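# A structural walkthrough
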2 protein chains.
Amino acid sequence: MKLIDIHSPQDIKPLGIDDLKDLAKQMRAAIINYTSTIGGHVGPNLGDVEALIGVHYVFDAPKDKIVIDVSHQDFVHKMLTGRAQYYLDKSMFTHIGEFTDPKESPEYDIFYAGHTSPSISLAFGLAKARSLKKNCNIVAFIGDGSLSGGVAFEGLNNAAKLNDNFIVIVNDNQMAIAENHGSLYDNLRELRETNGQSENNYFKALGYDYIYVAEGNDLESVISALKKAKDTKKPIVVHLNTQKGEGYAPAEAHREEFHFSAPYDVADGEPLQQSNEPNYITDTRDYLLRKVKENPELLIISSATPEVFGFMEKERKACGNQYVDVAIAEQTGVSTMAGAARGGAKVIYPVMATFLQRAYDQLEQDWAMDNSPALMPVMGTGIRALTDLTHLGFWDIPMITSIPEIVYLAPTNVEEYFAMMDWALNQNEHKVAVRVPTYSYEHAKDDVDKDYSGLNKFKVVKEGQDVAVIAAGDFFVKGERVVEALADKGINATLINPRFISGVDTELLDSLKQNHKVVVVLEDGSKEGGFGGRVAQVVSPIGLKCLTYGFEKKFVDRYNPDELEKAYRLTVPQIVEDTLNALNS
Amino acid sequence: MKLIDIHSPQDIKPLGIDDLKDLAKQMRAAIINYTSTIGGHVGPNLGDVEALIGVHYVFDAPKDKIVIDVSHQDFVHKMLTGRAQYYLDKSMFTHIGEFTDPKESPEYDIFYAGHTSPSISLAFGLAKARSLKKNCNIVAFIGDGSLSGGVAFEGLNNAAKLNDNFIVIVNDNQMAIAENHGSLYDNLRELRETNGQSENNYFKALGYDYIYVAEGNDLESVISALKKAKDTKKPIVVHLNTQKGEGYAPAEAHREEFHFSAPYDVADGEPLQQSNEPNYITDTRDYLLRKVKENPELLIISSATPEVFGFMEKERKACGNQYVDVAIAEQTGVSTMAGAARGGAKVIYPVMATFLQRAYDQLEQDWAMDNSPALMPVMGTGIRALTDLTHLGFWDIPMITSIPEIVYLAPTNVEEYFAMMDWALNQNEHKVAVRVPTYSYEHAKDDVDKDYSGLNKFKVVKEGQDVAVIAAGDFFVKGERVVEALADKGINATLINPRFISGVDTELLDSLKQNHKVVVVLEDGSKEGGFGGRVAQVVSPIGLKCLTYGFEKKFVDRYNPDELEKAYRLTVPQIVEDTLNALNS
């Protein structure tokens, strides 16, 4: 049977094992073709081909509910639920998202589940609804890496008590993005090495029935195990030992590099394009390596995403015990940062803005309240970072700046970035987050300040009148262009680099009333709850008009940044037009 | 030895076991005297007397690091670290906080740890810092109830790998605030019933050495076990079986009621004051019970705090399988809400604002993005809720309203509250949070609206001119008084009940420019990142002055609400004064 002819899981039910194996082959070819052409999650999707064929062969979606975690390992699921053509027809590759998406398929994609670890708790919710309604199988399909997230434990702890059908399929490919961390993975290894027989069993300790499948890439083994689990009336874990990147030699050999890959040459797995341009990631990597060497009491923490600051295996090893990966566990990332800082270490915790959301409470309760000076570079922020709905870098400013006593700095260029990092490391008073730019890679035109201890002091870069443009972080370059464009209209505007986005310079803002009428605030983040609103709250009472620019509080998915800038009136001509209107009305 | 003569843990080192037991007796008497007089956490502190004496007898704080989770069980720790007088001298009772507090004792109180479950991760951070510095014992002291929080699992998963000293003391009193939930507690029971010998062992599965202490209220047993654990070079769990409320009969008999108690009569444990006044808690309880009866497909979720909506054992039982407690696990609370709603149930998840912080990511990723209409009443918000630093109800508006597609409603009185709840339950489109008032208990003066499907439509309660007062939620009553006071000054102000605080009525705000000059926004929450800032962002560009009122972005602890209102210029005369100044300048 041809993959293109699969329109729903029903189409594979009549197939024999050889047909299913042939289908697996076609799917692997499609995954390699797709990811090598436009990039994507290679290893995870190659590794779970048999597991997901098995799931759809044995269970009856959409009647049975399948929740995939983290859902970027869902390609086979999508191929089997009416979306095969998107992986076969090159012209359609970009028309499908990597994550399960209820808008794409309301029947088969129950949740987005774009961040790791929520599947069991979400499925537990489905199970609670089921207990009030009609019956079905409920399946949470979760990778080993995702089990380190606390919410996965919470879900296991609750779902075990269901006294009803509940199936957790653990797709154990022995990797998160990088290697796993934590003693749970010793237990998983012990279970693999004992063919599931070890007395120590995390899942059994939590009350689950347990089936181990040594050959998780063997369809017959998978199907046979899932058939045993189907319709059971007691929560069960099916533990599949799978191979990340299965069936594609470069992905099997380089599992971390092929977790997610940019377009590559299928012949040898080499990336099609390689850039040696300096960027914030490699600069950050080099800075961290230097600091580790300079200070033996400096600790770098990652929560399973070392690649976002350029740390591959070599760099991690180079840091020895000055580097700790807490696994996919941002809550513990923040608490470890706070604890180690309180214990007297210098600590740097570079973290993706979107994943930091998991640790909002820890930011306040474990870090901000305490005397734990540490440094948190926040990566992946703003309109030109990740564009997937589930990974937007829009919300970090409202999130972080709603918490007292965290100093959030927004550098406008490379030199200022590292000056801010240096200052943060060399002081012992403040808890400092730094918003790493993504909008562009700028160099300083003048000397940058070394000392940021005067909190919330804005820097006037150019004095003018009538209009003051306050341009934060990586939108400073946009502010410069707005001021230039206003100059063309005969307006000599003031230009301000606020540097701090967690507070405002009330004195400076107050002084603007002497010879300004309009204040324009630009930030590469959510407009609501962000920096601009704070400025508006200060300048509005003194009679200045305040125009704030940022992103609407809306969910957007796989957007074109240029188009979004236009839609949100963030282009220079639009800002200038609005400013002139405000000035003249 | 007299308790009052204990000034540091050193003072108990020379004592024999009988002296220590006598000390335990004095401490219990002090705890009962203290809590019966001013209220507090009775059962937890009575239950861990021997455990904490043991900790300070065996370990050498402050050299050894003790992290207590959740830290309201720390009375004995405080008594042993120079603060006994606060529990002995009635006039000093109110001068000490319930939680560990680094400001109170920088040496002995390492963290606040006011929310449950972070201790192991914080201690892991201390251990990572230790590995770069000098050696010491690191002890995380954690209740059984706190182990359900995902971050506790994350901490265990990481700390097990330390290959160095790390001691987790599990104070197992077989209770959270109410009963525990989840299969972990079956395992703890199995361990207790087998005297720690069961093959299923959650801690061993995670790689820990393990000691069980059947008599956790027996000092000799505790000390002997802790001595074994001290200085070990491998992470170890010491599992203490303790009795919540030990030594005070009413607290042993009524463990839930005596988790936290208002002042009570020591003779019989009866509360000194009982109010039969209607309030939002009992009203909510009655509403929930009614809705459960009306709709067999309605589910109520709690994350271990059923008492905040008046659900004691009787009410929980009455709901049968329409009630689920996910234990201390707000992440899973939100995911379960979202999952059950997606599964077709009607879902209500009443939750404390301060604890909801744990689920910020789930609010966005698991709830807001999906088509999961559910209802989340947010309790404990505003200036007159809990006043402990770690439990402030200040930050919910910035937190919730920074997320797209969650409708956050702020009722101004009881009738409006339930009209909003009814509307939220009877629609299938929106995800709705309702901010339950705490400022006062008001009744509607007129009919309240039934339909809130016109999102972000503000309600003009009284039309006027020059000044528009927009008073949100339970600060509406303050808005009424401001308008009255302005009338005394000859100003006929407009009064607006916004009803929605997650968005603004741009059309109405725009229309204000016709005959208004000043807009005053009042909210019972953080001024920065909140509702007022959003209004300012809309009215400032059209030339209106906007004055926003709320709480400063500052940490405050055990404050007097009246004094804080004054300090933040939230009293009616202050607001009127500012408004007149703005109008006339």
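In this report, we go over the structure that sits alongside the text. Computed from a predicted structure; not experimentally measured.

Moving on, we come to the interface of chain A and chain B. Contacts between the two partners involve 111 residues from chain A, matched on the other side by 111 residues from chain B. For the pair chain A and chain B, the summed buried area comes to about 8900 Å², and 55% of that belongs to carbon and sulfur atoms. For chain A, the biggest contributors to the area lost against chain B are L132(A), Q537(A) and F555(A); these three give 8% of the whole. Applying the counting rule to chain A against chain B returns six salt bridges. Across the pair D361(A) and R358(B) runs a salt bridge whose closest N-O atoms are separated by 2.8 Å. Linking chain A to chain B there are 54 residue pairs in polar contact (both at pLDDT 80 or more). Its residues placed into classes, the side of chain A that touches chain B shows 47 nonpolar, 41 polar and 23 charged.

Let us now look at the sheet that holds strand β5 (residues 236-241) of chain A. All names here are of chain A. Overall, parallel pairing links the five strands, which are arranged β1-β2-β3-β5-β4 in an open sheet. Lying at the two open borders of the sheet, with one neighbouring strand each, are β1 (65-69) and β4 (209-213). Averaged over all neighbouring strand pairs, the angle between strand axes comes to 15°, with direction disregarded. Alignment of β1 against strand β2 (residues 138-143), held across five bridges, turns out to be parallel. From the neighbouring strand, D69 faces β2, where its bridge partner is I142. Each of β1, β2 and β3 (167-172) touches helix α6 (residues 119-131); the most contacted strand, β2, lies at about 175° to it.

Between D69(A) and the following residue, V70(A), the backbone shows a cis peptide bond with an omega angle of -15°. Mapped onto the elements of the fold, V70(A) is located in the loop between β1 and α4 (75-83). A cis amide bond links A61(B) to the next residue, P62(B), at an omega of 5°. With respect to the element layout, P62(B) can be found in the loop between α3 (49-58) and β1 (65-69). Even without being glycine, N163(A) reaches a positive phi, approximately 60°. Inspection of the secondary structure puts N163(A) in the loop between α7 (150-159) and β3. Among the residues examined, N163(A) registers a relative accessible area of 68% and is labelled exposed. In the Ramachandran plot, D466(B) falls in the positive-phi region, its phi being about 70° despite a non-glycine side chain.

In terms of nonpolar packing, the biggest core is built from 250 residues, with Y202(A), F203(A), M376(A), L147(B), Y202(B), F203(B) and M376(B) touching the most fellow members. Not counting the four nearest positions on each side in its chain, Y202(A) is found in contact with F153(A), L156(A), L184(A), N187(A), F153(B), Y202(B), A205(B) and L206(B).

A word on the sheet that holds strand β17 (residues 545-551) of chain B. Residues and elements named next belong to chain B. Strand order across the open sheet formed by five strands is β13-β15-β14-β16-β17, with mixed pairing between neighbours. The open sheet is flanked by β13 (459-462) and β17, the only strands paired with a single partner. Each neighbouring strand pair of the sheet contributes to a mean axis angle of 25°, computed without reference to strand direction.

Expressed as a screw transformation, the operator carrying chain A onto chain B has a rotation angle of 180° and an axial translation of 0.0 Å, and the superposed copies differ by an RMSD of 0.0 Å. When the rotation and shift are considered jointly, the pair of chain copies conforms to a two-fold rotation axis. In this assembly, 100% of the residues forming the interface of chain A have copies in chain B that are likewise at the interface, indicating an isologous arrangement.

How each quantity is defined
Residues numbered from 1 in each chain as written. Chains lettered and ligands numbered in written order. Predicted model: local features only at pLDDT ≥ 70, side-chain atom pairs only at ≥ 80, totals over all residues. Heavy atoms only, no water. Contact = heavy atoms within 4.5 Å. Buried area = accessible area lost by both parts, 1.4 Å probe. Salt bridge = Lys/Arg side-chain N within 4 Å of Asp/Glu carboxyl O. Polar contact = N/O pair within 3.5 Å; in protein donor to acceptor, adjacent residues only side chain to side chain. Nonpolar A, V, L, I, M, F, W, Y, C, P; charged D, E, K, R; others polar. Pairing = 2+ DSSP bridges. Helix = DSSP H or I, 4+ residues; strand = E, 2+ residues; numbered from the N terminus. Axes fitted to C-alpha atoms, helices over the stretch in contact; angles between N-to-C directions. Buried < 20%, exposed > 50% of the residue type's maximum accessible area, 1.4 Å probe, protein only. Core = buried A, V, L, I, M, F, W, Y, C linked by side-chain atoms within 4.5 Å. Least-squares fit on C-alpha atoms with pLDDT ≥ 70 in both.

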